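These are the residues of each chain, in order.
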Amino acid sequence: YRLSQGIEIRSNDVNKIDDSIFEDAALRKLNQCSGELSQISNGRIRIEDNVDLTNLPAKLSSRMKSLKATTLWSIDPAPDPRRKAFLEFEHSAIKERNANVQRLFIVDCSAIRQDKDRFLARILSDQKNGVRVRWMMDSTWVDSEKAPKPIDFGIWDDDLVWLYEKNMEEKTRIWLAYLIRSEANSNRYNEIFLANWKIAKAPEELMVM
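All of the points below concern the structure found in this document. No experiment lies behind these values; they were computed from the predicted model shown.

### Here's the deal with helix α6 (residues 183–199)
(1) Moving on: Between the first and last C-alpha of α6 there are 25 Å, a value that for 17 residues agrees with the 24 Å anticipated at 1.5 Å per step.
(2) Moving on: Within α6, the full set of buried residues consists of Asn185, Ser186, Tyr189, Asn190, Ile192, Phe193, Asn196 and Trp197. Each buried residue of α6 sits inside an arc of 165° when the element is viewed along its axis, so together they form one side. Facing away from the buried side of α6, by more than 90 degrees, are the exposed residues Glu183, Ala184 and Lys198.
(3) Moving on: On its buried face, α6 is in contact with β2 (66–72), β3 (100–107), β4 (132–137), β5 (153–156), β6 (160–166) and β7 (175–181).

This is the structure we're talking about:
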């Protein structure tokens, strides 16, 4: 295994430690690292540290010229403080650099019945801040192989994709994210976003429901 700064670790080196428990744990970790390095070489980074989950979207927003994003209203993966910081950077990008931001909210029937006022307030707040906003019911999602059900993702500058996924490995850390830099993937997520954007509804249609 060749790591950063010229560091190379070989399985034989681990075996020389002569401690079977340490060896097994070390080799499992090296295999995990190898898999992650392989993903990185293909333009995909797994993000699970809370500091990175907070800072990276803000950093992306601080330089962005455009953003296409979906938001799962009922299960938003970003806690309130993290979301607030991100939205402030987004607002600044729109105001100072005329960034083009589109947000597609995805909502279910129960949220419309129980949480309509708060949902509408968020949509109108985004719209007031210069975000182009639409919404849709989760049942009308246009599915595809990469997104068979509604997902929470953003595409910055038609280049970098930030994709939230539920963390099935840890109960204490519900969400993780992937930062993806790949032309094929960014093109595909653009297509997914635009297909759903086309059939989504304007905020005014929510007001008369």
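### Let's talk about the pattern of salt bridges
(1) Moving on: Tallied over the entire structure, the rule returns nine salt bridges.
(2) Moving on: In this structure, the salt-bridge partner of Glu165 is Arg44, at a minimum N-O distance of 3.7 Å. Note that Glu165 is positioned in strand β6 and Arg44 in strand β1 (residues 44–47), a separation of 121 residues in sequence.
(3) Moving on: Take Glu165: its relative accessible area is 31%, and that puts it in the partly exposed class.
(4) Moving on: Asp126 is the partner of Arg103 in a salt bridge, and the nearest nitrogen-oxygen pair spans 2.8 Å. Placement of the pair is Arg103 in strand β3 and Asp126 in helix α5 (residues 109–128), with a sequence separation of 23 residues. The exposure classification of Arg103 matches that of Asp126, with both residues buried.
(5) Moving on: Each of Glu90, Arg103, Arg122 and Asp126 takes part in one network of salt bridges that share partners.

Calculation criteria
Residues numbered from 1 in each chain as written. Predicted model: local features only at pLDDT ≥ 70, side-chain atom pairs only at ≥ 80, totals over all residues. Heavy atoms only, no water. Helix = DSSP H or I, 4+ residues; strand = E, 2+ residues; numbered from the N terminus. Expected span 1.5 Å × (residues − 1). Buried < 20%, exposed > 50% of the residue type's maximum accessible area, 1.4 Å probe, protein only. Arc of directions from axis to C-beta. Contact = heavy atoms within 4.5 Å. Salt bridge = Lys/Arg side-chain N within 4 Å of Asp/Glu carboxyl O.

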